[in-house]
Structure formats: C-alpha cells, structure tokens
Amino acid sequence: YVDLVQVRQEIAAYAGYDSYPEYAYEKTYHRDYTPTQEAAYLKQVQEHLAPIYYDMYTEGIYVRLRSRDEEDTYAYVEELAGAMGGRVQEAFEFMTTYHLYDITQSDNKFNSSFEVFLITYEEPYVFVNPAGSEQDFLTFAHEFGHFCNDYISDVGITSVDVAEVFSQGMEYLSLFYVDESDRLVTYQMVSSLCVFVEQSAFADFEQRIYAMDPDDLTVDVVFDLFEEVGADYGFDAWGIDGSMFVSIQHFFTSPCYVFSYVVSNDAAMQLYQMEAAESGAGLKLFMEQLATEEEDFLAFVEAAGLGSPFADGRIESVAETFREILFEE
C-alpha cells in the first residue's frame, strides 16, 4: 500500500496536480465538488454522526434478521415494483420476462452483488449472491434500482455518485411500499449510519495519507493513522485495530472512491425523509429523475430539487433522523 501511495503521488505530479486526491477527483471521477468540500463535510460527520454511531454500538442497537429464501426475496421486490408502478413496474416485468437477473443461492457464486450493462444483449443485468436472510430484500432492491436507472435512461451516462442515488433510493423507498418492511427500517438505518460514518472515516484516512510526504510513509505509520482516524469516528466502540485497513479493498483498487457512498447516501436519504413527511413525495421525485441526463452529482441534486450534502444544516437533519429512529423510546 505504501508503494501504491508513492506511485499515485508521482502520477498526480506528472499530471500537474499537487496531490493524488485532486487528480482523482477531476480525472478519474469527474466530480463537481472538491477535496476541500469533502474535508469540511468530514468534520461535520465527526461532530454530528460519529457520536450517534458510538452510542449505537455501546448500547447494542441491532436487528436480528430472519432467514429468507429466493422466493421471498423475489416477492419483496415484485411487490415493491407493483406498488411503485409505471416504468419501474415495466422494468421489473422486463427483467423477469427475459431472465435478466440471478438471485439464486449457490456455494459456487462470486461473493458479491452488482448490476451490469451487458453489451452483447444491450440490456442491464442483476447479479445477487444472497445471504439467505432479509438482508437480501434490500440487496435485490438496491441492484434493481440500478437496473431501473439503466433501463429507463437507456444507459444514460452519469457519475458514480448519481447512479448510486437510485440504488440506495430504491432501498429507502421499499421501506414504505412493501407490507412486511416495517422491521427493516431499523436495520436500514443502522446500515445507513454505518455508511455515513465508516466510509467518511475511510475517506478521511485517505485524505490524511495523501497529504503526507510519501517518503515519511511506513507500514507502522499507516497502521497508527488508521487507528487514529478510526477513534475520531467512534470505531473504538467496537475495538479498532490498525491492521484492519488492509480489508478495505478500495484503498488498493479505487483510491478516493469511498466518499461517493456518503454523498449518494445523503441524497437517497432525502427521498426517505420526503416520503416520511408526505406520502408519495419521495416516490414522485425518484420516478421523475430515473431518466436524468445530469452527469454530475451537485448538478443532479440541484436539478432534482434535492439539497446539497454540503449545505448548512444538512448533516444535522441526517443526525436528527437517525436519533429519532434508532433511539426512540
């Protein structure tokens, strides 16, 4: 990892950038926000969300998921698509008619879940390696959100940040539109809080790594920094170990990517908040934006009528939603 950081800093310098994050933001991810905006946002996560994350772990808030099979998982998303109607229902019927999905259980399957556009077929495809529990409901809903976006927009070109709004948004909306989804709300919010805090911590770790002189980096320095950053975000609630950084594959394969999970989750959560405040409001906006032609994230949220994650008071709104759901008496 130390060697990779050094090489990436050299790449950024050759390309005329002061640091690899600046290079990656512009050349790799084509973001319309900056590492400076990210850094300010991360401080807010530390202030407003990390304490909730710490309390969640120390107070033992979790959901024991029930075992479910392939038929249950299919039925969950089938009911969701039917309730949402319109082009979403059309996309589901197309996906099932032409067998453009795989949610079967097998010990020989690739250990991941994803949606991909099949060039030969010129259609999207969903692959899920199920866990055999209610978690599969949300996983299938997530990948089906990607499917709908590709199917309805005819594979419109958007940034990763924009594409993830539709997948995470489908998860959030399923909590309102499937009859048996009530007990999944707590599970989804626990997962969502983990996304906000953990991925922010990973993004902060990378920012600090790439701000250092590459010649000063050693394995021990990396271990110590990961522990330090983890403590800043409440990881000490479950016992952080510096060597855990090696399990985050994005550090090795997709540097500076992880912050995409955070900003897209913020936009998707706004759909949940809108739907909770007024039935049908989040769904309406979601359906209207599935065919978006906006490529950049901030341009997308502005055009959609959503708030910027970087706006004053936005992170406090997220924190309030988590506290209301996870700590209600």
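Coordinates for the structure precede this section.
Predicted, not measured: the structure shown is a model, and the values here were computed from it.

**Concerning the overall build of the protein**
Summing up its helical and strand segments, the protein has 14 helices and three strands in all. Over its C-alpha trace the protein gives a radius of gyration of 20 Å, about what one expects of a compact globule, namely 20 Å for 329 residues. By principal-axis analysis of the C-alpha atoms, the protein measures approximately 55 × 50 × 45 Å. The 329 residues of the protein split such that 52% are buried. Across the protein, contacts joining residues at least 24 apart in sequence account for 73% of those joining residues at least 6 apart. On the protein, roughly 15000 Å² of surface is accessible, and the fraction owed to carbon and sulfur atoms is 47%. The distance from the centre of the 14 positive side-chain charges to the centre of the 62 negative ones in the protein is 3 Å.

**Some details on unusual backbone geometry**
With phi around 50°, His30 is a residue other than glycine that occupies positive phi space. In this fold, His30 is placed in the loop between helix 2 (20–28) and helix 3 (35–58). Notably, Cys256 is not glycine yet its phi reads approximately 70°, a positive angle.

Here is what the cut-offs are and how they apply
Residues numbered from 1 in each chain as written. Predicted model: local features only at pLDDT ≥ 70, side-chain atom pairs only at ≥ 80, totals over all residues. Heavy atoms only, no water. Helix = DSSP H or I, 4+ residues; strand = E, 2+ residues; numbered from the N terminus. Rg over C-alpha atoms; globule rule 2.2 N^0.38 Å. Buried < 20%, exposed > 50% of the residue type's maximum accessible area, 1.4 Å probe, protein only. Contact = heavy atoms within 4.5 Å. Areas by Shrake-Rupley, 256 points an atom, 1.4 Å probe, with all protein chains shown as cover. Lys, Arg positive; Asp, Glu negative; His and termini not counted. Charge placed at Lys NZ, Arg CZ, Asp CG, Glu CD.

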